[in-house]
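# Residue-level structural notes
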Amino acid sequence: MLLSEPVRAWFESAFPEGPTPGQELAWPLISAGENVLLVAPTGTGKTLAAFLAVLDRLFRERDAGTLAPGLRCVYVSPLRSLNYDIERNLAAPLEGIARRLELERSPIKVGVRTGDTSAYERRKLRDDPPHVLITTPESLSLLLSQAAWQPHWQGVEHLIVDEVHALAPTKRGADLAVSLERLAAQASRDPRRIGLSATTRAEPAVVRFLAGASRDCRVIVAPPPPGTPPPRFDVESLIRPGEAPHRGLSYRRLLRRLRALIDSQRTTVVFANTRALAEKVTHDLRSGRTRVSTSAAVPPGGRPARVGLRESEAPAEPAQHPDSPGGSSSRTRTLTLRRIREGEAPAEPPSHPGPPGASPSREGDASADDLVIAAHHSALDVQRRRAIESGLRSGTVRAVVTSTSLELGVDIGTADLAVQIGLPGGVSRCVQRVGRSGHRRGAASRGILLAATPAELIGAAVTAKAARDGRLEPLRVPSASLDVVCQQLVGMACAGEQSVEAAFELLRRAGPMAGLTRADFDACLAFLAGELGAPAGAYESEPGAAPRWTSPRIWRRNGWFGLRSGRVSRWFRLNVGTIVSEESVRVVADGRAVGTLEAAYAERLAPGDRFVLDGRSLEVRRLEGSVVHARVSGGEPSLPRWTSDRQSLSSELAAELAGLRAEAAMRLDRDGAAALAEWLADGFALDRRSAAVIVELVEAQERYSEVPSASGLLVEESPAPDGIGLAYAFHVPLHRSACEAMARATGARLGRRFGRNLTLAVADLGWSIHLPEGARLSADEIATLVNLDRLDEDVLEGLDRGELPARRFRSIAATALMVLRNPEPGRRVRVGGMNWVSSRLYPLVQAACPDHPLLRQTRREVLEDFLDVPAAARWLASRPAVRFRGLPGISPFAAAWIEPGTPEALQFESPGDALRRLHARLTAAAKGAVP
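Basis of the calculations
- Residues numbered from 1 in each chain as written.
- Predicted model: local features only at pLDDT ≥ 70, side-chain atom pairs only at ≥ 80, totals over all residues.
- Heavy atoms only, no water.
- Helix = DSSP H or I, 4+ residues; strand = E, 2+ residues; numbered from the N terminus.
- Buried < 20%, exposed > 50% of the residue type's maximum accessible area, 1.4 Å probe, protein only.
- Contact = heavy atoms within 4.5 Å.
- Areas by Shrake-Rupley, 256 points an atom, 1.4 Å probe, with all protein chains shown as cover.
- Patch = residues over 30% accessible without salt bridge, like charges linked within 9 Å, V, L, I, M, F, W, Y side chains within 5 Å.
- Salt bridge = Lys/Arg side-chain N within 4 Å of Asp/Glu carboxyl O.
- Lys, Arg positive; Asp, Glu negative; His and termini not counted.
- Charge placed at Lys NZ, Arg CZ, Asp CG, Glu CD.
- Pairing = 2+ DSSP bridges.
- Right-handed = clockwise from strand over helix to strand, strands pointing away.
- Axes fitted to C-alpha atoms, helices over the stretch in contact; angles between N-to-C directions.
- Parallel < 35°, antiparallel > 145°, perpendicular 65-115°, else oblique.
- Nonpolar A, V, L, I, M, F, W, Y, C, P; charged D, E, K, R; others polar.
- Phe/Tyr/Trp six-rings, centres within 6.5 Å; stacked < 30°, edge-to-face > 60°.
- Lys NZ or Arg CZ within 6 Å of the ring centre and 35° of its normal.
- pLDDT = per-residue confidence, 0-100.
- Core = buried A, V, L, I, M, F, W, Y, C linked by side-chain atoms within 4.5 Å.
- Disulfide = S-S within 2.5 Å.

What the chain contains, in helices and strands, is 32 helices and 31 strands. Every one of the 931 residues in the chain was classed for burial, and the buried ones make up 57%. In the chain, the share of contacts with a sequence separation of at least 24, taken over all contacts with a separation of at least 6, comes to 75%. When the accessible area of the chain is evaluated, it comes to approximately 36500 Å², of which 50% is carbon and sulfur surface.

What follows is the structure, encoded as structure tokens:
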């Protein structure tokens, strides 16, 4: 261990077991000044692996008398909650080392700068910056745009990026990568970079994301500490052999199983795939006469230890749980979860600053009912989320139901079990979620995947097996996102006049921007400077009015560019970042802030309506501007809708699932049902009942149609569910994004042929198309529908008949600052007010400047990110075999995988043609003829 004596002494006293493998491997390289990407299991002290070598360097300078004030290390994570955890957890080593040096307080200062930081604290940080700054990507970009912060970056020597796997595949990560280059350009020496990740493959693109396009970086893939059992990934079926899927029955079984699991563990984290499902499950677990123990089984030795920087380690003398041997009571107490009535609501802390009428409250101020089972997701008030996280650490929260907000490294203590409702979508996400449990020395992470349908069961079996085998999906890092380029250029201009050449070279030093062409860069500058046919900015003066142009964001001349006016700087501060969500309104229940609802949902609410938020039924009292005032109420609430929720399989899992279905069919035909069930149980660690459910689905598909091959195409023709026309189900071995690309191209080709509107439904492993009445396909025509000819053009045509490109443009225009999500104070966006960007601004930009950089970015994202045209093209290039079956009804596989997809209408028929066809039909009907 290369640490100095006081730092080493503190560590040995705090962690007598010694360093984890990740720490042992990382400290020498960080101390030697190398760029490092550390990949290590969750709960093995990655944060301390990064920070302790940095702190050691600062304490050495203090001993030598050379420690000066000023910024030395910047830590960036994607979560504000994680940042506050880091600040709290850094206090232990800083105070402990200071005591060993006989100092009253640590000479090393730590500060946090996020969107929650008050104006007073922001001024303090600017005027007297700490040695260690903890921040988010958005706040870092904001600080880099402020001239007053420029001198502070000169002394930065280390940049720590946490949760690399969550940032690298996103625009947010691309934005951060550019910010890191901007910071490095202002430092006296190139800062060393330290990346931390629990679930990622150390691919070159990920390394470039962290270190930049040209720097060297050492990759450490650390094993778990010796003696750590392997993680457990169990699969359970909520459906039994001989049963048809029944949503109500499966859901009741789900609640019963969750209650049993919660009662058997001290702390349980339940992952639902959407915020709406998390709310429903929380509400229903709390409701009724459900008995959940307030203190469950605790490992011998008492309550699991408080979690600090080394999440897997316990202190030498762990505190005893009151119900453990030797505690104050050995009796297991139970609490009846009553239906929450008016007057029983917990005191809810408001967000900061709170909306009008919201009163302040203390963190953790909640009733016993709420703290037994709680909901946690991004639409809940930030103080409420912190109260829940605190309750998880202390053990007062027995279970939390979350969507994605607890996937990352937020300190939630030592959860005993992670439960996944349905499919997590990918192996990396499965490993990440299960890794949130078992953070005790020698404890295994344990997760249970609960499947409600045979399709979910097969998917869960494939996911769990891949997780056990450690087969993580590769990350796709976005390349040269032009809307991010535009926002960064405005941010640079906010800090002062900039050289065009220097800005281009700086952008290309960032890993995700290495592919940026000079033509695209110049087009972004031209757009921001108002030199294109379309506007540099626009706004809606009043509902329904045509968009009005606003002035350019920057000027450029003679190889330089700068900010057009101080007003643009204010716009940048209010709209920085790449996170674009639907417009939301705040919810205040009985005077306390609860969270937010999407405005499109909220504007349909009326006084007396009930909805669920924070796991409680709330009744609307009135709507005032952008605030919904409600009260806690009984009765059955509706579920809010959050449009950002979308779940699908990774491309790797979709291919494995298709392969499993094909192999199961082969084994069924060759060896019989009993042998297939045994193979499934042994090869995928399933119980016999779950294996029998899968066998029944495969048998049913073989009897009614046939099981698709692992690489081919099966098309099934059947009467449409509404009895009008025919429906065609296309079964392919592709994930949803690739299926959507194929479906759009197929829809465009059918639309050109029939000239009529179609209905499309897309899911993993296939899609369905409902043809208009009288239209029909033959087996020989399938090959002409599914081929590589004009694939990109046909996908775009199919998209243009729907709403997806316009929706994507709305997000891109907001990131590029063409439109403002958050206008200046005094100019409010009306409820539901960003829809004009899709409906009116998008077609105007298309007409005025078809080659606009933001339109090019929209097409690129649609084809390559939201859809996966490259994957579809690769599959088509393999010349898949085509099978065609005519059926009297929908097949079991189509019902299991494709039918649950949400249908969308593709408009190919003009309103005039539709009216003429309707007139002809009505005329024929009046004459007694069939048209």
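Before going further, it helps to spend a moment on a positive patch on the surface. Where like charges cluster on the molecular surface, the positive patch consists of Arg240, Arg252, Arg256 and Arg689. Position of arginine 256 among the secondary structure elements: in helix α10 (residues 247–264). A relative accessible area of 47% places arginine 256 in the partly exposed class.

Moving on, we get to helix α6 (residues 137–144). Counting buried positions along α6 yields 8 of 8 residues, so the element is predominantly enclosed. Residues Pro137, Glu138, Ser139, Leu140, Ser141, Leu142, Leu143 and Leu144 constitute the buried set of α6.

On to the sheet that holds strand β16 (residues 498–499). Sheet strands associate in pairs through backbone hydrogen bonding, adopting either a parallel or an antiparallel arrangement. Taken in spatial order, the 3 strands line up as β16-β20-β19 in an open sheet, and their pairing is antiparallel. One side of each edge strand has no neighbouring strand; the edge strands of this open sheet are β16 and β19 (554–557). Strand direction decides the pairing type here: β19 and strand β20 (residues 560–563), joined by 4 bridges, are antiparallel. If you follow tryptophan 555 over to β20, its bridge partner there is glycine 562.

Burial along strand β12 (residues 373–376) is two-sided: Ile373 and Ala375 facing one way and Ala374 and His376 facing the other are all buried. Sheet analysis places β12 next to strand β13 (residues 399–402), joined by 4 bridges and oriented parallel. Residue pairing for β13: histidine 376 is matched across the bridge by threonine 402. At this point the chain moves from β12, through helix α13 (residues 382–394), to the parallel β13, and the crossover so formed is right-handed.

Turning next to unusual backbone geometry. The backbone of arginine 790 sits at a positive phi, close to 55°, despite the residue not being glycine. In this fold, arginine 790 is placed in the loop between α25 (782–785) and α26 (791–800).

Turning our eyes to something else, we now look at the packing of helix α14 (residues 427–434) against helix α15 (residues 454–469). A pair of packed helices is characterised by two quantities: the angle between their axes and the separation of those axes. As a packed pair, α14 and α15 sit with axes 9 Å apart at the nearest point and diverge in direction by 75°. Taken together, the axis directions place α14 and α15 in an arrangement best described as roughly perpendicular. From α14, Val427, Cys430 and Val431 reach across to α15, where they touch Thr463, Ala466 and Ala467. Looking at the contact of α14 with α15 residue by residue, the classes come out as 5 nonpolar, 1 polar and no charged.

What the rule picks out here adds up to 11 aromatic pairs. One aromatic cluster is present, built from ring pairs that chain together Trp10, Phe11, Phe15 and Trp27. Directly above the ring of phenylalanine 504 sits arginine 518, whose terminal nitrogen or CZ lies 5.0 Å from the centroid. Its guanidinium or amino end placed over the ring of tryptophan 897, arginine 661 lies 4.6 Å from that ring's centre, counting from NZ or CZ.

For the chain, per-residue confidence averages 85 on the pLDDT scale, and 85% of positions sit at 70 or higher. Note on residues 289–370: pLDDT is under 50 here. Beyond four places in sequence and across chains, it has 211 contacts. Note on residues 828–832: pLDDT under 50 across the span, and 16 contacts to partners over four residues away in sequence or across chains.

Our focus in this paragraph is the sheet that holds strand β21 (residues 584–589). Across the sheet, which stays open at both edges, the 5 strands sit in the order β22-β21-β25-β24-β23 with mixed pairing between neighbours. A strand with exactly one partner marks an edge of an open sheet, and here the two such strands are β22 (592–598) and β23 (610–613). Across the sheet, the mean angle from the axis of one strand to that of its neighbour is 40°, orientation sign disregarded. The pairing of β21 with β22 spans 6 bridges and is antiparallel. Each bridged residue has a counterpart across the sheet, and for alanine 589 the counterpart in β22 is arginine 592.

The biggest cluster of nonpolar side chains holds 84 residues, and the ones touching the most others in it are Trp153, Leu489 and Phe809. Of the residues forming this core, the biggest block, 9 residues, is contributed by helix α16 (residues 482–494). Among residues more than four places away in sequence, those in contact with phenylalanine 809 are Met818, Val837, Leu841, Tyr842, Val845, Leu854, Leu855 and Thr858. Membership of the second largest hydrophobic core comes to 50 residues, among which are Leu29, Ala53, Ile97 and Val397.

Glancing now at the side chain of arginine 113. Tracing the backbone through its elements, the reader meets arginine 113 in strand β3 (residues 110–113). Look at arginine 113: it is buried, it has no salt bridge, and the nearest opposite charge is aspartate 116 at 9.5 Å. Contacts of arginine 113, omitting those with residues within four sequence positions, involve Arg122, Leu125, Leu133, Ile134, Thr135, Thr136, Ser139, Leu142, Leu143 and Gln146.

The next thing to look at is the pattern of salt bridges. Across all of its chains, the model carries 56 salt bridges by this definition. A salt bridge links arginine 384 to aspartate 614, with the nearest nitrogen and oxygen atoms 3.2 Å apart. Residue arginine 384 is found in helix α13, and its partner aspartate 614 is found in the loop between β23 and β24 (616–624); the two are separated by 230 residues along the sequence. The burial state of arginine 384 is the same as that of aspartate 614; both residues are buried. One salt bridge in this structure joins arginine 856 and aspartate 520, with 2.5 Å as the shortest N-O distance. Of the two residues, arginine 856 sits in helix α29 (residues 853–866) while aspartate 520 sits in helix α18 (residues 518–528), which places them 336 residues apart along the sequence. Take arginine 856: its relative accessible area is 18%, and that puts it in the buried class. Each of Glu181, Asp190, Arg192, Arg193, Arg215 and Arg509 takes part in one network of salt bridges that share partners.

Turning next to the state of the cysteines. Under the criterion given, the structure shown has 0 disulfides. No disulfide involves cysteine 524; its sulfur sits 3.7 Å from that of cysteine 486, the nearest cysteine.

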